[in-house]
Number of protein chains: 2
Amino acid sequence: MASNPDAEIDHEGPVTPYRQLAEILKARIARGDWAEGRPIASETRLVQEYGIARTTVRRALDVLVEERVVWKVQGRGTYVGQPPAES
Amino acid sequence: MASNPDAEIDHEGPVTPYRQLAEILKARIARGDWAEGRPIASETRLVQEYGIARTTVRRALDVLVEERVVWKVQGRGTYVGQPPAES
DNA sequence: TTCCATTTGTTCGTATGTATA
DNA sequence: GTATACATACGAACAAATGGA
């Protein structure tokens, strides 16, 4: 059951913001907002877009990294998919 | 009430470093340390001078840009005043 | 043209303190 | 007491723009 990719963060509901964002981002990736191998919005951008703290955004991204939905490169960005195999 | 242009950063007080620096820089500009249209000290210089991180310096400068006290040009510097009107 | 140093721009990594539910 | 959220700060790496040699 996919969540709504256009949902906003609900600070009152039972689901914590970071889990909400994780679901939203997965839905946006599934919808094709960002293609495989391409960077998603930066943490700062997500902070502005969803009105939540960077630590909360990072927590959501941690979930996606754990689930191998995205991978991160310091100083570059967060990419859809999995990291390239080591040479 | 203007702040002291010769103040140093107090990491213990109630006012955060980036706000302190913003006030200090405004005081220095008001005093004439840097004239209208001229570049102020570089970010790296301010980092060394005040012993704070570049991200913190940039945060202080963001405040000054927002208040139209200075404007920045990538690759050149941060200038006192406002950007020249578009031709 | 090419190269290099300087300066601002962007992005993720890590840590701390405070507040709230 | 615990988990979550937010604001702030510092660190590191690299990109982009500028200007001069």
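Whatever comes next refers back to the structure up there.
Since we're looking at a predicted model, the values are computed, not measured.

Another point: helix 3 (residues 54–66) of chain B. All names here are of chain B. With 13 residues, helix 3 should reach 18 Å at 1.5 Å per residue; the first-to-last C-alpha distance of 18 Å fits that figure. Residues of helix 3 that are buried make contact with helix 1 (17–31), helix 2 (43–50), strand 1 (70–73) and strand 2 (77–80). Phi turns positive, to about 60°, at Arg68, one or two residues after helix 3.

Okay, the pattern of salt bridges next. Close approach of charged atoms lets side chains of opposite charge pair. Residues and elements named next belong to chain B. Taken as a whole and judged by the stated rule, the model has 19 salt bridges over all chains. Arg31 is the salt-bridge partner of Asp6, the closest N and O atoms lying 2.5 Å from each other. Linking Asp6 in the segment before helix 1 with Arg31 in helix 1, this pair joins segments that are 25 residues apart in sequence. Judged by its relative accessible area of 54%, Asp6 is exposed. Taking the relative accessible area as the measure of exposure, Arg31 reaches 41% and is therefore partly exposed. In this structure, the salt-bridge partner of Arg28 is Asp33, at a minimum N-O distance of 2.6 Å. In this structure Arg28 comes out as buried when scored by relative accessible area, which is 13%. Asp33 gets classed as partly exposed once you look at its relative accessible area, which sits at 29%.

We now examine the protein's contact with DNA strand D. Of all residues adjacent to DNA strand D, which total 24 residues, the nearest are Pro17 and Thr56 of chain A together with Pro17, Tyr18 and Thr56 of chain B. Contact between DNA strand D and Tyr18 of chain B: a phosphate oxygen at 3.3 Å from a side-chain N or O atom of the residue. When contributions to the surface near DNA strand D are tallied by element, the ones reaching two or more residues are helix 1 (17–31) and helix 3 (54–66) of chain A together with helix 1 and helix 3 of chain B. For the surface near DNA strand D, the per-class residue count stands at 8 nonpolar, 11 polar and 5 charged.

The rules behind each value
- All residue numbers refer to position in the chain's written sequence, counted from 1.
- A letter from A marks each chain and a number from 1 marks each ligand, given out in the order of writing.
- Side-chain atom pairs in this predicted model are given and counted only at pLDDT of 80 or more, local residue features only at pLDDT of at least 70, and totals for whole chains, interfaces and linings cover all residues.
- Only hydrogens and water are removed before side-chain values are computed, so all heavy atoms of the structure are retained for them.
- Helix numbering and strand numbering both begin at the N terminus, where a helix is a DSSP run of H or I of at least 4 residues and a strand a DSSP run of E of at least 2.
- Multiply 1.5 Å by the residue count of a helix minus one, and that product is the helix's expected span.
- Whether two residues are in contact is decided by their heavy atoms, any of which lying within 4.5 Å being enough.
- Any carboxyl oxygen of Asp or Glu that lies within 4 Å of a side-chain nitrogen of Lys or Arg is treated as forming a salt bridge with it.
- Exposure is judged per residue with a 1.4 Å probe applied to protein chains only, and the accessible area is read against the type maximum: over 50% gives exposed, under 20% gives buried, and values in between give partly exposed.
- Note on terminology: near, applied to a residue and a molecule or strand, indicates that one of the residue's heavy atoms is within 4 Å of it.
- Whenever two N or O atoms come within 3.5 Å, that pair is a polar contact, provided that in protein one can donate a hydrogen and the other can accept it, and provided that, for residues adjacent in sequence, both atoms are side-chain atoms.
- Polar here means any residue outside two lists: the nonpolar Ala, Val, Leu, Ile, Met, Phe, Trp, Tyr, Cys and Pro, and the charged Asp, Glu, Lys and Arg; Gly therefore counts as polar.

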